[in-house]
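Commentary on secondary and tertiary structure
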Amino acid sequence: MLRQTWPHRFSSFVWLFLTFFIVTTCVTPLNADDKVRALIVDGQNNHDWRTTTPLLQACLEATGRFQVDVATAPPQGKPAAEWDAFRPQFDQYQVVISNYNGQSWPQPVQKSLEEFVAKGGGLVIVHAANNAFSDWPEYNKMIGLGWRGAEFGSRVTVGKDGKTLILPKGEGPGAGHGSQHDYTIVTRDRQHPVMLGIPAEWMHVKDELYHGQRGPAANMHILATAFSAGSTNGTEEHEPLIWWIPYGKGKVFTTLLGHGDYSMKCVGFQTTFGRGAEWVATGKVTIPVPKNFPTATATVSVEGAK
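Everything in this summary refers to the structure shown in the same document.

Criteria and cut-off values
- Chains are numbered independently. Their residues run from 1 in the order of the written sequence.
- Totals for whole chains, interfaces and linings use every residue, but because this is a predicted model, local features are given only for residues with pLDDT of at least 70 and side-chain atom pairs only at 80 or more, for both listing and counting.
- As a rule here, side-chain values cover all heavy atoms of the structure and leave hydrogens and water aside.
- Only buried residues count toward a nonpolar core, which is a set of Ala, Val, Leu, Ile, Met, Phe, Trp, Tyr and Cys residues joined through side-chain atoms within 4.5 Å.
- For the exposure calls, accessible area comes from a 1.4 Å probe over protein chains only, and a residue counts as buried if that area is under 20% of its type's maximum, exposed if over 50%, partly exposed in between.
- Secondary structure elements follow DSSP: runs of H or I of four or more residues count as helices, runs of E of two or more count as strands, with numbering from the N terminus.
- Contact between two residues is taken to exist if any of their heavy atoms lie within 4.5 Å; hydrogens are not considered.
- Two strands qualify as a pair provided that DSSP identifies no fewer than 2 bridges between them.
- One side-chain nitrogen of Lys or Arg within 4 Å of one carboxyl oxygen of Asp or Glu is enough to make a salt bridge.
- Planes of paired rings set the category: under 30 degrees apart is stacked, over 60 is edge-to-face and the rest tilted, where pairs are Phe, Tyr or Trp rings (Trp by its six-membered ring) whose centres lie within 6.5 Å.
- The criterion is that NZ of a Lys, or CZ of an Arg, lies within 6 Å of the ring centre and within 35 degrees of the ring normal, and then a charge sits over that ring.

**So, the nonpolar core**
- By size, the foremost hydrophobic cluster in this structure holds 52 residues, and its most contacted members are Phe66, Val95, Ile97, Val124 and Phe273.
- The dominant element in this core, judged by the number of residues it contributes, is helix H7 (residues 267-282), at seven residues.
- Leave out the neighbours within four places in its chain, and phenylalanine 66 touches Lys35, Val36, Ala38, Leu60, Glu61, Val95, Gly274, Ala277, Glu278 and Ile287.
- Formed by 26 residues, the second largest nonpolar core is a distinct cluster that contains Phe116, Ile125, Met142 and Val252.

**Observations regarding the environment of glutamate 237**
- Tracing the backbone through its elements, the reader meets glutamate 237 in strand E14 (residues 237-247).
- Those residues in contact with glutamate 237, other than ones at most four positions away along the chain, are Arg155, Thr157, Ala226, Phe227 and Ser228.

**Focus: the pairing of strand E5 (residues 122-126)**
- Summarising burial for E5: five of the five residues are buried, a large majority.
- In E5, alternate side chains face the same way, and those of Gly122, Val124 and Val126 on one face and Leu123 and Ile125 on the other are all buried.
- For strand E4 (residues 95-98) and E5, the ladder comprises four bridges, and the chain directions are parallel. By the bridge assignment for E5, serine 98 is matched with isoleucine 125.

**A few points about the pattern of salt bridges**
- As enumerated under the stated definition, the model contains four salt bridges in all.
- Glutamate 138 is paired through a salt bridge with lysine 141; the nearest N and O atoms lie 3.1 Å apart. Separated by three residues within a single helix, glutamate 138 and lysine 141 lie in helix H5 (residues 137-143), roughly one turn from each other.

**Digging into the packing of aromatic side chains**
- Considering all chains together, one arrives at 15 aromatic pairs under this definition.
- Between tryptophan 136 and tyrosine 139, the aromatic rings sit 5.2 Å apart at their centres with planes inclined by 25 degrees, giving stacked as the arrangement.
- Classification of tryptophan 136 as buried rests on a relative accessible area of 2%.
- Summarising the aromatic geometry, the rings of tryptophan 147 and tyrosine 210 are spaced 4.9 Å apart at their centres and angled 65 degrees between planes, so their arrangement reads as edge-to-face. In this pair, tryptophan 147 is assigned in the loop between H5 and strand E6 (154-158) and tyrosine 210 in strand E11 (residues 210-211), connecting sequence segments 63 residues apart.
- A relative accessible area of 29% places tryptophan 147 in the partly exposed class.
- When its relative accessible area of 1% is taken as the criterion, tyrosine 210 is described as buried.
- Taken together, Trp83, Phe86, Phe90, Tyr100, Trp105, Phe116, Phe133, Trp136 and Tyr139 form an aromatic cluster joined through their ring pairs.
- Seen from the ring of tyrosine 262, lysine 206 lies directly overhead, with NZ or CZ sitting 5.8 Å from the centre.

What follows is the structure in structure tokens.
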């Protein structure tokens with residue numbers, strides 16, 4: 001089932017005022033046709049997608065750059081007839097955001113997403129969406145690293161010298177995370193359009209810090225990491241948390257941040273998520289870094305600073 005978000009309707013008086021304003025100031029407003037068409041896919045997840053999808057949608061719409069729809073898959077165990085009706089029209093959008101982690105999609109849906117990205121579409125993977133579809137080879141290529149066992153594929157970390165380290169399958173830990181806590185994000189590519197203007201280090205609010213992710217990791221461009229401290233049952237390694245991968249003519253942006261609604265209220269999460277979605281959709285970033293972006297010593301959420 002597709003839930004759609006439509007622009008607010010203005011009264012005729014407001015429209016008359018806007019028309020006068022445009023004519024007298026020569027300003028062209030951003031209309032629905034100018035906005036990035038985005039689709040969020042949810043419906044199953046071992047996380048609270050019913051709470052987080054509205055937050056993701058609101059985050060994108062608040063930038064003024066997106067028109068957002070939501071496609072909700074059938075619940076676990078529903079009859080085949082319901083899954084036969086689940087056919088998101090990816091090609092009607094510029095970017096698809098996955099907030100899904102559950103039952104495998106039907107083959108036609110998988111092929112449709114592959115073709116969408118390969119032809120130039122953008123894909124954004126949010127947190128547990130990287131846990132999904134371990135038996136889908138092309139999905140593993142698109143995400144690079146996923147929540148998989150140690151024998152599944154390569155493990156990627158970043159050393160103290162900033163260089164990427166790759167361990168072959170079977171060496172080191174598989175996927176996991178320690179206790180939730182506030183932690184420091186290290187921006188690894190400050191010249192990338194998504195990260196341009198973002199501090200070298202910034203504090204992220206309470207969240208899971210994934211470690212030991214596994215996969216093919218081919219053509220993986222790491223944008224940000226965090227140190228997984230032993231004191232929180234981590235790995236004592238700098239783990240990749242934000243990255244992107246080219247797939248055909250398209251781009252896939254992954255953020256492992258965002259376990260719960262409280263994590264997604266982080267201004268750092270919302271900024272990097274929105275800018276990442278815009279970049280994979282258009283190749284450009286126009287969404288500014290807000291003045292209240294987190295610092296190296298203080299988290300900032302939509303509810304204020306800590």
